[in-house]
Amino acid sequence: MNLDIDVTTGRVLIDGKGVWAPGEPVSPSESSVRYLDLSARLVIAEEEGHGVVAAVLFDEEEFPDTIVTSKIVKRFAKKTGVSPEMVARPLALARFPWGEIEFSVDPKQGDLSIVVRGR
């Protein structure tokens, strides 16, 4: 199943079908997907203080110098034309009128993830 994130609306789609959008009620779920040519899990769940979010948890490990030099950020920027801003070495944000997309890497374990949050 192929995942896509529409940066103009924040909608998350699997194989072209909307599965999550900022501010819309959705049941928690988990799916195996491919995003940015990498295998991952899409988890839609409640995040304390933010409501329901969509998290993409990549299977592949990476230990980049900073998150903005990671595969996920480079591929995301190339695909969307949006370059996330580094907040800290392991964290970058792309801000939009509808919400934000957070990119992170665990510097000790190399776990890559993306979290899509509405406002």
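The preceding data block contains the structure.
Here's the deal with the nonpolar core
Stage number 1. By size, the foremost hydrophobic cluster in this structure holds 30 residues, and its most contacted members are Leu42, Phe58, Ile72, Ile101, Phe103, Ile114 and Val116.
Stage number 2. It is strand S5 (residues 38-47) that contributes the most residues to this core, 4 residues altogether.
Stage number 3. Ignoring anything within four residues of it in the chain, the contact list for Ile101 reads Ile5, Val7, Phe76, Ala92, Leu93, Ala94, Phe96, Ile114, Val115 and Val116.

Side note on the sheet that holds strand S3 (residues 17-20)
Stage number 1. Across the sheet, 3 strands lie side by side as S1-S2-S3; this open sheet has antiparallel pairing. Of all strands in the sheet, those bounded by a partner on one side alone are strand S1 (3-5) and S3. Neighbouring strand axes in the sheet, compared pairwise and without regard to direction, differ in orientation by 35 degrees on average.
Stage number 2. Direction of pairing for S1 relative to strand S2 (residues 12-14): antiparallel, over a ladder of 3 bridges. Within S2, the position partnered with Leu3 by the bridge is Ile14.

Here's the deal with unusual backbone geometry
Stage number 1. Unusually for a residue other than glycine, Asp15 sits at a positive phi of about 50 degrees.
Stage number 2. Examined against the element boundaries, Asp15 turns out to sit in the loop between S2 and S3.
Stage number 3. If you check the backbone angles, Asp37 has positive phi at about 65 degrees while not being a glycine.
Stage number 4. Inspection of the secondary structure puts Asp37 in the loop between strand S4 (29-35) and S5.
Stage number 5. Classification of Asp37 by relative accessible area gives exposed; the value is 63%.

Considering the sheet that holds strand S8 (residues 91-96)
Stage number 1. On the basis of which strands lie adjacent, the open sheet formed by 7 strands has the order S4-S5-S6-S10-S9-S8-S7 and antiparallel pairing. Each end of this open sheet is capped by a strand with a single partner; those strands are S4 and strand S7 (85-88). Put simply, the sheet's adjacent strands are angled 25 degrees from each other on average, direction ignored.
Stage number 2. Relative to S8, S7 is paired through 3 bridges, and the arrangement is antiparallel. Looking across to S8, one finds that Ala88 is bridged to Leu91.
Stage number 3. Packed on one face of the sheet, helix H1 (residues 71-80) meets S4, S5, strand S6 (51-61), strand S9 (99-105) and strand S10 (111-118) and runs near 145 degrees to S9.

Regarding the side chain of Ser104
Stage number 1. Mapped onto the elements, Ser104 comes out in strand S9.
Stage number 2. Residue classification places Ser104 among the buried positions, given a relative accessible area of 15%.
Stage number 3. Within the structure, the side chain of Ser104 is placed 2.8 Å from the side chain of Ser113, a separation counted as a polar contact.

So, the packing of aromatic side chains
Stage number 1. Tallied over the full model, the rule gives 2 aromatic pairs.
Stage number 2. Seen from their ring centres, Phe76 and Phe103 are 4.9 Å apart, and the 65 degrees between their planes marks the pair as edge-to-face. In this pair, Phe76 sits in helix H1 while Phe103 sits in strand S9, placing the two residues 27 residues apart along the sequence. The same class applies to Phe76 as to Phe103, namely buried.
Stage number 3. With a centroid separation of 5.0 Å and an interplanar angle of 5 degrees, the aromatic rings of Phe96 and Trp98 are classed as stacked.
Stage number 4. On the basis of relative accessible area, Phe96 is assigned to the buried category, the value being 10%.
Stage number 5. On the accessibility criterion, Trp98 (12% relative accessible area) is buried.

About the criteria used
- Residues numbered from 1 in each chain as written.
- Predicted model: local features only at pLDDT ≥ 70, side-chain atom pairs only at ≥ 80, totals over all residues.
- Heavy atoms only, no water.
- Core = buried A, V, L, I, M, F, W, Y, C linked by side-chain atoms within 4.5 Å.
- Buried < 20%, exposed > 50% of the residue type's maximum accessible area, 1.4 Å probe, protein only.
- Helix = DSSP H or I, 4+ residues; strand = E, 2+ residues; numbered from the N terminus.
- Contact = heavy atoms within 4.5 Å.
- Pairing = 2+ DSSP bridges.
- Axes fitted to C-alpha atoms, helices over the stretch in contact; angles between N-to-C directions.
- Polar contact = N/O pair within 3.5 Å; in protein donor to acceptor, adjacent residues only side chain to side chain.
- Phe/Tyr/Trp six-rings, centres within 6.5 Å; stacked < 30°, edge-to-face > 60°.

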